[in-house]
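# Topology and contacts: notes
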Amino acid sequence: MSGVLAIANQKGGVGKTTTAVNLAAAFSLAGISCLVVDADPQCNATTGLGVQPLPRHPWLMREPLEEFIQRTEDGPLLLPSSPCRADADLLSTPSPPRLERIQRRFNRVLGQYDAVLIDCPPSLGQITRIALSLADHVLVPLQCEYFAMEGLALMSELIRQVAAQSDRELSVAGILLNQFDPDWQLAHEVAEEVRRHLGPQVLRTVIPRDEAISAASSHGRSVLGYDIRSRGAFAYVLLALELIKRFMLPQHSGGVDEESSRPRGAGLKSD
Ligand SMILES: Nc1ncnc2c1ncn2[C@@H]1O[C@H](COP(=O)(O)OP(=O)(O)O)[C@@H](O)[C@H]1O
Ligand SMILES: [Mg+2]
């Protein structure tokens, strides 16, 4: 990917944070330097990687962002978030000068890592806009439940708007089916429906519903650090390999699928 991947979906509980934490751990295991940026004032990626949330939001502080970055037990580096309400309110208020300041601060940091994963809050508000403006690609996790695709058109529109406003490329890296339960007929139906509508944008890797995944986060660990032999850990290793193949290998090696070479601001196919 050699770039910045925003993990976004305005729905809560679909697996954005779980994917940020576990994909980052899988990249780290593969020797890929990876930074997780927790963009959600709920700080779930921060605590999920075993780190204390910060008293104030680092995006708004004077000190360089590097000063807030910490190494976590399972390998990835983390720029933690803060639950500070006043800072969250500031960040949620659109302000072009503040946006530019934040972008400048990040530009000095982002290129230092092979991959940067930004865990977005469950909204299409200003914080998600900032995250998308820093990103090269967007990864959209979907829960294998009814209404999984609800709201994707709005998300697609936001991606288009942000791409048009910033001078960065921004495309959908993939739709990730999460919490797939093979024993549940509905999950199969939802997965088929999503693949029918969104076609090759849907990643081949499917993340199963696995207790080890939720247990890991309650211990402040990735599922790879918590139980490397679990189905969840295996699935995140496969996801890392699929994304490496799609975005990190040079094109002449056949590593980049045709569908991933999408134009700037390419949205979701369904709308
Ligand atoms: N594949 C999975 N298997 C089991 N539990 C999961 C899985 N994906 C997410 N969860 C659990 O579902 C809840 C919501 O996931 P989370 O990643 O926090 O969603 P989001 O960040 O989109 O709000 C968390 O408790 C998480 O542990
Ligand atoms: Mg979250």
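Residues numbered from 1 in each chain as written. Chains lettered and ligands numbered in written order. Predicted model: local features only at pLDDT ≥ 70, side-chain atom pairs only at ≥ 80, totals over all residues. Heavy atoms only, no water.

### Brief notes about the packing of helix 5 (residues 126-134) against helix 6 (residues 152-165)
Where helix 5 contacts helix 6, the axes come no closer than 9 Å and their chain directions differ by 55 degrees. By the angle between their directions, the pair helix 5 and helix 6 is classed as oblique. Handedness of the helix 5/helix 6 crossing: right-handed. Where helix 5 approaches helix 6, its residues T128, R129, L132 and S133 are matched on the opposing element by L158, I159, Q161, V162 and Q165. Across the contact of helix 5 with helix 6, the residue classes tally to four nonpolar, four polar and one charged. (Axes fitted to C-alpha atoms, helices over the stretch in contact; angles between N-to-C directions. Helix = DSSP H or I, 4+ residues; strand = E, 2+ residues; numbered from the N terminus. Parallel < 35°, antiparallel > 145°, perpendicular 65-115°, else oblique. Left-handed = near helix turned anticlockwise from the far one by under 90°. Contact = heavy atoms within 4.5 Å. Nonpolar A, V, L, I, M, F, W, Y, C, P; charged D, E, K, R; others polar.)

### Some points on the sheet that holds strand 4 (residues 77-79)
If you walk across this open sheet you meet the eight strands as 3-4-2-5-1-6-7-8, and the pairing is mixed. Two strands close off the open sheet at either side, each with one partner strand: strand 3 (70-71) and strand 8 (202-208). In the sheet, strand 1 (residues 3-7) pairs with strand 6 (residues 137-143) via three bridges, with the strands oriented parallel. Following the sheet pairing, I7 is matched in strand 6 by L139. (Pairing = 2+ DSSP bridges.)

### Some details on the nonpolar core
The biggest cluster of nonpolar side chains holds 52 residues, and the ones touching the most others in it are L35, W59, L79 and F106. Residue contacts for L79: discarding those within four places in its chain leaves L35, V36, V37, D38, P58, W59, L65, F68, I69 and F106. Counting 36 residues, the second largest nonpolar core, distinct from the first, contains A24, C34, A233 and L239. (Core = buried A, V, L, I, M, F, W, Y, C linked by side-chain atoms within 4.5 Å. Buried < 20%, exposed > 50% of the residue type's maximum accessible area, 1.4 Å probe, protein only.)

### Some points on the packing of aromatic side chains
For any pair of aromatic rings, the description consists of the separation of the ring centres together with the inter-plane angle of the planes. On inspection of all chains with the given rule, the structure shows one aromatic pair. Taking the centre distance of 5.4 Å and the plane angle of 90 degrees together, the rings of W59 and F106 count as edge-to-face. With W59 in the loop between helix 2 (44-48) and strand 3 and F106 in helix 4 (residues 96-110), the pair connects residues that are 47 residues apart, well separated along the chain. On the basis of relative accessibility, which here comes to 1%, the residue F106 falls in the buried class. (Phe/Tyr/Trp six-rings, centres within 6.5 Å; stacked < 30°, edge-to-face > 60°.)

### What to know about the pattern of salt bridges
For the structure on display, the rule yields eight salt bridges. R85 serves as the salt-bridge partner of D89, at 3.5 Å between the closest nitrogen and oxygen. Remark: R85 and D89 occur in helix 3 (residues 85-92); sequence separation between them is four residues, near one turn of the helix. Taking relative accessible area as the criterion, D89 reaches 42% and is therefore assigned partly exposed. (Salt bridge = Lys/Arg side-chain N within 4 Å of Asp/Glu carboxyl O.)

Bear in mind that shape data such as this cannot, by itself, settle questions of function.
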